[in-house]
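# Topology and contacts: notes
Residue-level listing of the chains:
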Amino acid sequence: DLVYAIGNPGLGAQILDYTITEGLVSNNNRLLDGVPYIQTSAAVNPGSSGCALFDKTGNVVGVVVLKARIDGAGFAVPASRFLDFLDKHTK
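Residues numbered from 1 in each chain as written. Predicted model: local features only at pLDDT ≥ 70, side-chain atom pairs only at ≥ 80, totals over all residues. Heavy atoms only, no water.

### Things to note about the overall build of the chain
- Of the regular secondary structure elements, the chain holds 1 helix and 6 strands.
- Counting only residues that meet the buried cut, the chain has 29% of its 91 residues in that class.
- When the accessible surface of the chain is split by element, carbon and sulfur atoms take 55% of a total near 6000 Å². (Helix = DSSP H or I, 4+ residues; strand = E, 2+ residues; numbered from the N terminus. Buried < 20%, exposed > 50% of the residue type's maximum accessible area, 1.4 Å probe, protein only. Areas by Shrake-Rupley, 256 points an atom, 1.4 Å probe, with all protein chains shown as cover.)

### Some words on the sheet that holds strand S5 (residues 60–67)
- Spatially, the 6 strands close up into a barrel ordered S1-S2-S3-S6-S5-S4, and their pairing is antiparallel. Averaged over all pairs of adjacent strands, the angle between their axes in this sheet comes to 45°, without regard to strand direction.
- Each of strand S3 (35–40), S5 and strand S6 (74–78) is contacted by helix H1 (residues 79–89), which is oriented at about 50° to S6, the strand it contacts most. (Pairing = 2+ DSSP bridges. Axes fitted to C-alpha atoms, helices over the stretch in contact; angles between N-to-C directions. Contact = heavy atoms within 4.5 Å.)

### Regarding unusual backbone geometry
- Backbone geometry places Asp-33, a non-glycine residue, at a positive phi of 55°.
- Looking at the element boundaries, Asp-33 is found in the loop between strand S2 (19–32) and S3.
- With relative accessibility at 82%, the residue Asp-33 sits in the exposed group.

### Describing the environment of Ile-6
- Relative to the elements of secondary structure, Ile-6 occurs in strand S1 (residues 2–7).
- On a C-alpha basis, the gap between Ile-6 and Cys-51 in space is 5.8 Å, while along the polypeptide they are 45 residues apart.
- Filtering out sequence-adjacent residues up to four positions away, Ile-6 remains in contact with Thr-19, Ile-20, Cys-51, Ala-52 and Phe-54.

### Overview of the nonpolar core
- By size, the foremost hydrophobic cluster in this structure holds 9 residues: Val-3, Ala-5, Ile-38, Ala-42, Val-44, Cys-51, Leu-53, Val-64 and Ala-76.
- In this view, Ala-76 contacts Tyr-37, Ile-38, Leu-53, Gly-62, Val-63, Val-64 and Val-65; residues no more than four positions away in its chain are not counted.
- One finds Ala-68, Ala-73, Phe-75 and Val-77 within the second-largest nonpolar core, a separate group that totals 5 residues. (Core = buried A, V, L, I, M, F, W, Y, C linked by side-chain atoms within 4.5 Å.)

### Some remarks on the confidence of the model for the chain
- Predicted confidence across the chain gives a mean pLDDT of 85, with 89% of residues reaching 70 or more.
- Element-level pLDDT for the chain is lowest in H1, with a mean of 87, against a maximum mean of 94 in S3. (pLDDT = per-residue confidence, 0-100.)

### Examining the packing of aromatic side chains
- A complete count under the given rule lists 1 aromatic pair for this structure.
- Between Tyr-37 and Phe-75, the aromatic rings sit 6.4 Å apart at their centres with planes inclined by 70°, giving edge-to-face as the arrangement. With a gap of 38 residues between them, Tyr-37 in strand S3 and Phe-75 in strand S6 connect regions that are remote in the sequence.
- Phe-75 sits in the buried class, given a relative accessible area of 10%. (Phe/Tyr/Trp six-rings, centres within 6.5 Å; stacked < 30°, edge-to-face > 60°.)

### Observations regarding the pairing of S6
- Most of S6 sits out of view: 5 of its 5 residues are buried.
- Relative to S6, S3 runs antiparallel, the two sharing 3 bridges. Directly across from Gln-39, in S6, lies its bridge partner Phe-75.

Here it is as structure tokens:
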């Protein structure tokens, strides 16, 4: 599936702000230390943590949280897991 990461990857308006990158979902249930993540090839940089990962219809499918130490691999918390966390901690 095609996805888009919208973020602010670094150095504000001086270099990069308000960026969008496109990528593919490589694995929608990649387990890292037993925790499920969406693995994507969309460019992810440290300043992009917390940005939304959207599908082609504009639905938020995840929240970017990790960049791999290799190019072309970033990870997002699935939206359903994030919503469960919010629901549990805001009551």
